[in-house]
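Residue-level listing of the chains:
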Amino acid sequence: MLTSGGDCPGLNAVIRSAVLHGIKSYDMEMVGIRNGWSGLIEKDVEDLPRSRVRGLARTGGTILGTSRTHPYDAEGGGPENMLRNLRELDIDAVIAIGGEGTLAGANRLAADGLPIVGVPKTIDNDLQGTDYTFGFDTAVQIATDAMDRLRTTGESHHRCMVAEVMGRHVGWIALHSGMAAGAHAILIPEVRTPMSQVAEWVQQVHDRGRSPLVVVAEGFIPEGHDDPLAEAGVEASGRPRLGGIGEWVTREIEEMTGIETRSTILGHIQRGGAPTATDRVLSTRFGMGAVDLVAQRRWGQMVAANGTEIISIPMSAALKGLKKVPVSRYDEAKILFGR
């Protein structure tokens, strides 16, 4: 199995349950492919006996390492080379654990004849086909805890506090953590809220003698702008490195209201540390479900959460656009903004 793309809490729990289920239920020999698709291209693998995964459910990150290497674009990639490497390594099947990009590559490889199944992974909870993905609950809990702390210091100094959270294209983390923390405004990529409206909400709260809390997703695009405000260059993969919208929103609020405003960027803190109990259970069930798919030789399929059940769907079902926050969910939260 391999982990690809951004890390998130729960990856190790998937690895642990897959190894234990594979060995105990099917007498499989399990190996880990290091650093995503690059490990398969470079034939960099390690054995995964039961002793290697002991206690992993409670640890964050991924013991296999990860990368954003594309299985087709990288030198040495492509279905022919990867299939040859699998045969030379005596690997019968691959469990690919990753988000939209990883699953798109895995789906394409499966269509080209490679024995691959998928496990959906995205901390932003933006994949189609599954109700939830692991890592999301942990990120929301971490963000909520941080906002609770911001509320107390904000109230002490009568300041407006702005919390920037993850969410490149969707605002699920911002919406859930903001609602949990009692935010007075939540700004998400799906809704181009005018800053005049944000300033009005902040002023209303401040006039009541409260300290306003504004939550903004990193990919929020203010009205009047065409792209997310990314001032930190680009990642190695070429994607814009987001982060900084919170500072921009802070300056705008202070300029428009005169209220002292401070911002905090939670950043990678949301990715690190131990997963919540909810994420540990979901990850464990995903790992076991993926091994069942391998045993059934259901290539091109992935596990998914449907209510409380773990089901299997084609990997292509996760690639039909991002799962965005519905307008109805945002309007529901907006009732509690400002007044």
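Residues numbered from 1 in each chain as written. Predicted model: local features only at pLDDT ≥ 70, side-chain atom pairs only at ≥ 80, totals over all residues. Heavy atoms only, no water.

Caption draft 1: Here's a closer look at a negative patch on the surface. Residues Asp 27, Glu 29, Asp 47, Asp 90 and Asp 92 make up a contiguous surface patch of negative charge. You can see Glu 29 is positioned in the loop between helix H1 (11–26) and strand E2 (31–33). (Patch = residues over 30% accessible without salt bridge, like charges linked within 9 Å, V, L, I, M, F, W, Y side chains within 5 Å. Areas by Shrake-Rupley, 256 points an atom, 1.4 Å probe, with all protein chains shown as cover. Salt bridge = Lys/Arg side-chain N within 4 Å of Asp/Glu carboxyl O. Lys, Arg positive; Asp, Glu negative; His and termini not counted. Charge placed at Lys NZ, Arg CZ, Asp CG, Glu CD. Helix = DSSP H or I, 4+ residues; strand = E, 2+ residues; numbered from the N terminus.)

Caption draft 2: How the structure looks around the pattern of salt bridges. Per the counting criterion, the structure on display carries 9 salt bridges. Between Arg 34 and Glu 46 there is a salt bridge; the shortest N-O distance is 3.6 Å. Taken together, the residues span a long stretch of sequence, with Arg 34 in the loop between E2 and helix H2 (37–41) and Glu 46 in strand E3 (residues 45–47) at a distance of 12 residues. Classification of Arg 34 by relative accessible area gives partly exposed; the value is 29%. A residue is classified by how much of its surface remains accessible, and Glu 46, at 12% relative accessible area, is buried. Put simply, Glu 46 and Arg 52 hold a salt bridge, and the shortest N to O gap is 2.9 Å. Salt bridges linked by common partners bring Arg 34, Asp 44, Glu 46 and Arg 52 together as one network. (Buried < 20%, exposed > 50% of the residue type's maximum accessible area, 1.4 Å probe, protein only.)

Caption draft 3: Highlighting the environment of Val 214. On the secondary structure map, Val 214 appears in strand E8 (residues 213–217). The buried category is assigned to Val 214, whose relative accessible area is 1%. Placed 54 residues apart in sequence, Val 214 and Cys 160 show a C-alpha to C-alpha distance of 7.6 Å. When near neighbours in sequence (up to four residues on either side) are disregarded, Val 214 contacts Cys 160, Met 161, Val 162, Ala 163, Ala 185, Leu 187, Val 202 and Ile 253. (Contact = heavy atoms within 4.5 Å.)

Caption draft 4: Structural context of the packing of aromatic side chains. Applying the stated rule across the entire model yields 4 aromatic pairs. Relative to Phe 337, the ring of Trp 201 has its centre 5.0 Å away and its plane inclined at 75°; by these criteria the two rings are edge-to-face. With Trp 201 in helix H7 (residues 195–207) and Phe 337 in the segment after helix H10 (327–334), this residue pair connects regions lying 136 residues apart in the sequence. Phe 337 carries the same exposure label as Trp 201, and that label is buried. Note on Tyr 330 and Phe 337: the rings are 5.9 Å apart at their centroids and 70° apart in plane angle, and the pair reads as edge-to-face. Using a relative accessible area of 4% as the deciding quantity, one classes Phe 337 as buried. Counting every residue linked through ring pairs, the aromatic cluster contains Trp 201, Tyr 330 and Phe 337. Across the ring face of Tyr 72, the terminal group of Arg 108 is positioned such that the distance to the ring centre comes to 3.6 Å. (Phe/Tyr/Trp six-rings, centres within 6.5 Å; stacked < 30°, edge-to-face > 60°. Lys NZ or Arg CZ within 6 Å of the ring centre and 35° of its normal.)

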